[in-house]
Each structure stands twice: as structure tokens, then as C-alpha cells.
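Analysis of the macromolecular model
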Amino acid sequence: MADGAPLLPCYNSSESLDGLGNRPLAASTMVDDGTLESYVDDNCRSSQLLQAIFVSLAWAFDAQQTFISVFTDAEPAWHCTATTCSSSGSTPCGLPPGSWAWDSPAHASVVSEWSLQCAGSAVVGLPASAYFAGCLIGGLLLSTLADTVLGRKTMLFFSCFTMSLSAALTAVSPNLWAYAAMRFLCGCGRATVGTSSLVLSTEMVGKRWREKVSISSFFCFTLGFLSLPALAYLNRGASWRTLYLWTSIPCFFYSVLIYFWINESPRWLLVRGRRDEAIQALKRMAAAGDRNDAITSSFSKLIVEENASDVNVDVFSAMKMLCEKRWALRRLLATMSAGFGLGLLYYGMPLNVGNLDSDLYLSVTFNALAELPSSLITLFLIGRVNRKSSTVAFATASGAFSFACVAVTAEPWQMAAEVVSFFSACTAFNFLLIYCIELFPTCVRNSAIAMLRQAVVLGGVLAPMLVAEGRRRSFMSFGVFGVVVCSCGMFVACLPETRGRSMCDTMEEEESKQMKNASSNTP
């Protein structure tokens, strides 16, 4: 929020109670801009930081469900058991029954349990495609609820609970079609996990801790990603269903703790006109009890308009505001374009390592480990460098090393170039997410980040097709990845720099800050 500017309304004063009885702040609602930021920042206790980091842990479960199919849907190795069999082929499809056998028990993979070795790529890839389709549909239908009727905390609880329940049901799937349906449901639930978690955790702390809390989400995602090859290795030879159970049970208990322990974002409560609840949330955050009266006194000036016409706020009001404001739409399209390119490479690279003839467990581990230094680099640089130039630089580096995968033929160097490209894409995406948090005000922030993640998922939907084509011509995977990520990353160059500025809560406040900056830059 800009210093010295009032907290302006997120909605028009003509708007009244919504379907859940919440009233948006009226035009007469005014509060010193520094009040909320100072109380959240200056009175941030260790318990509040612990809550914010715990909220970030949702990213670990997000990573597990996103990449779990790499192991559960993998085609196991096989061997010949008769002289009439030839193991020169890459698949046992077409060989006489009884002349070959899987190296692992049949229940170790979806492919071997349901005899999908001769099925087409569309059938074998159906569960993974259904998951990403669920991410797209769920994101479109649910993303605005965290900004409007549900709030950050309730949306996070609902998403994690849905993800854990669907993962548990996946473990008892009787056939491929039920399995794909459960993966679709899991994708719908997962669609808003990362967004709600990131927004809630950063709104629970002040500017002093916001960057560090944001980066803790990336560490948690790396933790979840790294846990998968470890769980899969321990689970080798056992049923693929066990892997889903191991990832669903912790997520269930996590969602319960979110519901009973975590506070709602006071920023969101204030923007929605729920003043008393916002004050209570701030009191729980206060470092000293004698600050409670000061909080009540400072925010008692927040008055909700009583005489408002009967116009309800619908769940898509946040998206309407993003589309109606030209500056907001321009920012949204630029971040989504960059997110699409990064998503194409981010999801495509781990899938494409199979084309390098490397060990599956080691390949996934190397890519997961690449996210760890990415998070560390982001933590070190985020307070020292500009968001815009850093995002463009890392996106360009990612594309350049993706091109190197085509030019280099030696397998060790090719694998090294792939890991560096993946590392650069991860770092660029880390910067882009933090950048997006600062570009949009509270009343539309969750929706904006959700749309950015939708663009990333869309890139992930298209990546498998390029990977399949890349088995014949490497340029169609690595080369196209490089072209797209370099081109899309350049859209960030048209965005304003946000380093060092505080967050706004309303669209009008953001416009006021833009006009103030424009006037200060005018000679």
C-alpha cells in the first residue's frame, strides 16, 4: 500500500451484502494506509511466521500429486521367458502370451496391472491428461472464490481436502476409467492449492517477511517433489496404489489443521467489509496484549455503508474487475504469456529426460534437486535485484540451455544442459509469482495468480505432445521449448517494476499509486 494514501474501496458503494452476508467496504470507508501494514509487520510473532510457513507446506502435497504419475503410470521393464520371444523391441506388445514377463510384479504399475502395454498413447496418457484437464477446469471455476465468497483459508482447506480424498479414492480404482475420473477430481482440487496457499501466507505477514515467506513455498514444493522418488523407491515392487495412500493421508491431516489452527487473512476480511473479524484476526497476530485496544481504536473508523442498493456481488466479480481495467488486463495477459512459456518447459523437461536414456529415479531426482538451488538463489536475490529484469534474464537463460540440448550430443553434457535449463525456468517462475503478488491488489490478487497458474498448466497440457514428437526429432521438444520460453518471457518487459513497494488492497488504490508515480516522474 502506498504511504499516506487511504484504503479505498474494492467495490462500488452501491454494492450490498453478498450471498454469505458479507458487505464490501463502502466509499466512505477510510483508514490510514500504514495502519494495517504496520500492525501486521511490526507485531508479527514467531507463531505467526510458523503459521505462514505451515500454510506454505500445501505446496509439498501439490508437487506430490502433480508428479506422482511419473512412477505409478510408468511402463515397467520386461524380459523374455521363451525362445520364441525377442527382447529387441521397446515394448512386449505383439509378442505371444507367456513368452515374456514383467520384471516387477504386475501390480507395481497401472500399465502392467491393467495390461495397457498395447494400448495407444492416448489411452495410456489418459489419467495424466485428465489430471491436467481437472486443473484447468477447477482453476476456471474455483479461482475467484478465494477473492469473493470463501476467502483464502476456506478455499485452501477445501482444495487440500478434495485433493487428499480423491487421491485416497484413486487407490481403490477398479479400472482405468475410474482411475482417470479420480485424477480429474484430484486436478480440480489441486487447481487452487498453490494459489490460496501463496496468497494467504504472504497476506499473513508484513513487507519485512513477505519475500522470505513466498520463497518458503518454493522450498516446500521442492520438498514434495524430492519426496516422490524416495517414496517410489521404497515402494518399488509394491502396488502403485500404496503410493497414492502414502501421499493422501498426510494431506488429509494437514487440511484438518488448516481448518482449526490457521487464521483468515485480515486483508481479505477488511476488503470484504468484515471489520470485526479482521480486528480479531489482528489481535491474535499482535505481539503484545496492550496493542489490542490500539487495534480496535485504529480500525473503529471503518464504517460500512448502511444505505446500499440491493446489488449482490457475484463470484466472478474479481475477474470482471481484472478485465474492465485496462492496466490490470495488460498485466494479467503479460504474466500469463510468460507463465505459459515457463509452464511448457517446466512440465516438459522432466518428461523429456526419458528421451535421454537416463535412469528414471535419478532423472526425477536431478530435476527435483534443481529446484533447491533455484529457491536458494531466489531467496538471495529477491531483495537485491529487480523483478522485471530478473524474470526476463532467467527465462532467456532457460531457453538458451534448452537450445543447447539440441546442439550437444554427448549424453552427460546434454543432461547437464537440461538440468540448467530446468533450474533457470524454476527461478524465473519463482520471480514471476512474487512479481504477480505485488502487481495486483488484494481484492483480485488470488484470481490473478490463479490465472497465471492456469497458463502454466496449459503449457503443461501441451508439453507431452511435444515430448512425443521429440522422440523422433529432438528440436521438436528441446528446440520448441527454447523458442517459446524466450518469446513469452519478453512480455514481462512491459510490466512496471514493483521492487521495494508495499501491496495495495483495492483497484482504486493501485490506480492512485500509478498516478502518483507518473506525476513524480514528470519533469
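Residues numbered from 1 in each chain as written. Predicted model: local features only at pLDDT ≥ 70, side-chain atom pairs only at ≥ 80, totals over all residues. Heavy atoms only, no water.

Per an unreviewed UniProt entry, the protein is named H(+)/Pi cotransporter, and its organism is Zingiber officinale. Looking at the Sequence similarities (unreviewed entry) heading of the UniProt record, one finds this comment for the protein: "Belongs to the major facilitator superfamily. Phosphate:H(+) symporter (TC 2.A.1.9) family." Reading the Subcellular location (unreviewed entry) entry of the UniProt record for the protein gives the comment "Membrane". (UniProt positions renumbered as here; feature names shortened; annotations may be inferred.)

Structural notes on a nonpolar patch on the surface
Together, F161, L165, L169, V172, Y233, L234, L245, W246, I249, F252 and F253 give the surface a local cluster of nonpolar side chains, amounting to about 1100 Å² of exposed area. If you list the elements that add at least two residues to the nonpolar patch, you get α8 (152-170), α11 (207-234) and α12 (240-261). A per-element tally of the nonpolar patch places α12 first, with five residues. Here F253 lies in helix α12. On the basis of relative accessibility, which here comes to 52%, the residue F253 falls in the exposed class. (Patch = residues over 30% accessible without salt bridge, like charges linked within 9 Å, V, L, I, M, F, W, Y side chains within 5 Å. Areas by Shrake-Rupley, 256 points an atom, 1.4 Å probe, with all protein chains shown as cover. Salt bridge = Lys/Arg side-chain N within 4 Å of Asp/Glu carboxyl O. Helix = DSSP H or I, 4+ residues; strand = E, 2+ residues; numbered from the N terminus. Buried < 20%, exposed > 50% of the residue type's maximum accessible area, 1.4 Å probe, protein only.)

Section: helix α10 (residues 193-203)
Extensive coverage of α10 is indicated by the burial of 11 of its 11 residues. What α10 keeps buried is the set V193, G194, T195, S196, S197, L198, V199, L200, S201, T202 and E203.

Re unusual backbone geometry
Positive phi, normally seen in glycine, also occurs at S115, with a value near 50°. For S115, the position within the fold is in the loop between α5 (110-113) and α6 (121-124).

As for the packing of aromatic side chains
Summed over all chains, the structure comprises 26 aromatic pairs. Ring geometry for Y131 versus F132: centroids 5.5 Å apart, planes at 75°, classification edge-to-face. Each member of the pair, Y131 as well as F132, is classed as buried. Among the aromatic side chains, those forming a connected cluster through ring pairs are W59, F67, Y131, F132, F218, F221, F225, Y346, Y347 and F422. (Phe/Tyr/Trp six-rings, centres within 6.5 Å; stacked < 30°, edge-to-face > 60°.)

Description of the confidence of the model for the protein
For the protein, per-residue confidence averages 78 on the pLDDT scale, and residues scoring 70 or more make up 80% of the total. Taking the mean pLDDT of every element in the protein, the minimum, 53, falls on helix α15 (residues 292-299) and the maximum, 94, on α8. Predicted confidence is poor over residues 1-33, with pLDDT under 50, and the contacts of this stretch with residues over four places away or in other chains come to 113 contacts. pLDDT under 50 marks residues 302-313. Its contacts with residues more than four places away, or in other chains, come to 35 contacts. (pLDDT = per-residue confidence, 0-100. Contact = heavy atoms within 4.5 Å.)

Comments concerning the packing of α11 against helix α20 (residues 411-439)
Running from N to C, α11 and α20 point in directions that differ by 140°, and their axes come no closer than 10 Å. Considered as vectors, α11 and α20 are oriented oblique to each other. At the point where α11 passes α20, the crossing takes the right-handed sense. Along the contact surface, α11 presents S214, I215, F218 and F225, while α20 presents F422, N430, L433, I434 and I437. Taken together, the residues of the contact of α11 with α20 break down into seven nonpolar, two polar and no charged. (Axes fitted to C-alpha atoms, helices over the stretch in contact; angles between N-to-C directions. Parallel < 35°, antiparallel > 145°, perpendicular 65-115°, else oblique. Left-handed = near helix turned anticlockwise from the far one by under 90°. Nonpolar A, V, L, I, M, F, W, Y, C, P; charged D, E, K, R; others polar.)

Remarks on the pattern of salt bridges
For the structure on display, the rule yields nine salt bridges. Close ionic contact of R152 with E203 constitutes a salt bridge, the shortest N to O distance being 2.9 Å. A residue pair is termed long-range when its members are at least 10 positions apart, and R152 in helix α8 and E203 in helix α10 qualify at 51 residues. The residues R152 and E203 share a single accessibility class, namely buried.

Considering helix α22 (residues 478-489)
Here α22 contains 12 residues, and its C-alpha end-to-end distance of 16 Å stays within 8% of the 16 Å for a straight helix at 1.5 Å per residue. Across the 12 residues of α22, 10 count as buried, placing the element largely inside the fold. The complete set of buried residues in α22 reads F478, G479, V480, F481, G482, V484, V485, C486, C488 and G489. (Expected span 1.5 Å × (residues − 1).)

A short note on the side chain of T202
The residue T202 is located in helix α10 in this model. Classification of T202 as buried rests on a relative accessible area of 0%. At a separation of 3.0 Å, a polar atom in the side chain of T202 contacts the main-chain carbonyl oxygen of V199. Those residues in contact with T202 that lie beyond four places of it in its chain are R210, V213, S214, I437 and M503. (Polar contact = N/O pair within 3.5 Å; in protein donor to acceptor, adjacent residues only side chain to side chain.)

Quick notes on the packing of α8 against helix α9 (residues 176-190)
Where α8 meets α9, the axes come as close as 8 Å, and the angle between the chain directions of the two elements is 165°. Between α8 and α9, the crossing angle belongs to the class labelled roughly antiparallel. Between α8 and α9 lies a crossing of left-handed hand. Counted together, S159, T162, M163, S166, L169 and T170 of α8 and Y179, M182, R183, L185, C186, G189 and R190 of α9 form the full contact between these two elements. Looking at the contact of α8 with α9, its residues break down into six nonpolar, five polar and two charged.

Some points on the environment of L140
Along the chain, L140 falls in helix α7 (residues 126-142). Look at L140 and you get partly exposed, because its relative accessible area is 48%. A C-alpha to C-alpha distance of 9.4 Å links L140 and S447, two positions 307 residues apart in sequence.

Considerations on the side chain of Q65
Mapped onto the elements, Q65 comes out in helix α3 (residues 58-67). Taking relative accessible area as the criterion, Q65 reaches 2% and is therefore assigned buried. A polar contact is formed between the side chain of Q65 and the side chain of T247, at a distance of 3.1 Å. Contacts of Q65, omitting those with residues within four sequence positions, involve Y131, M163, A167, R183, C186, Y244 and T247.

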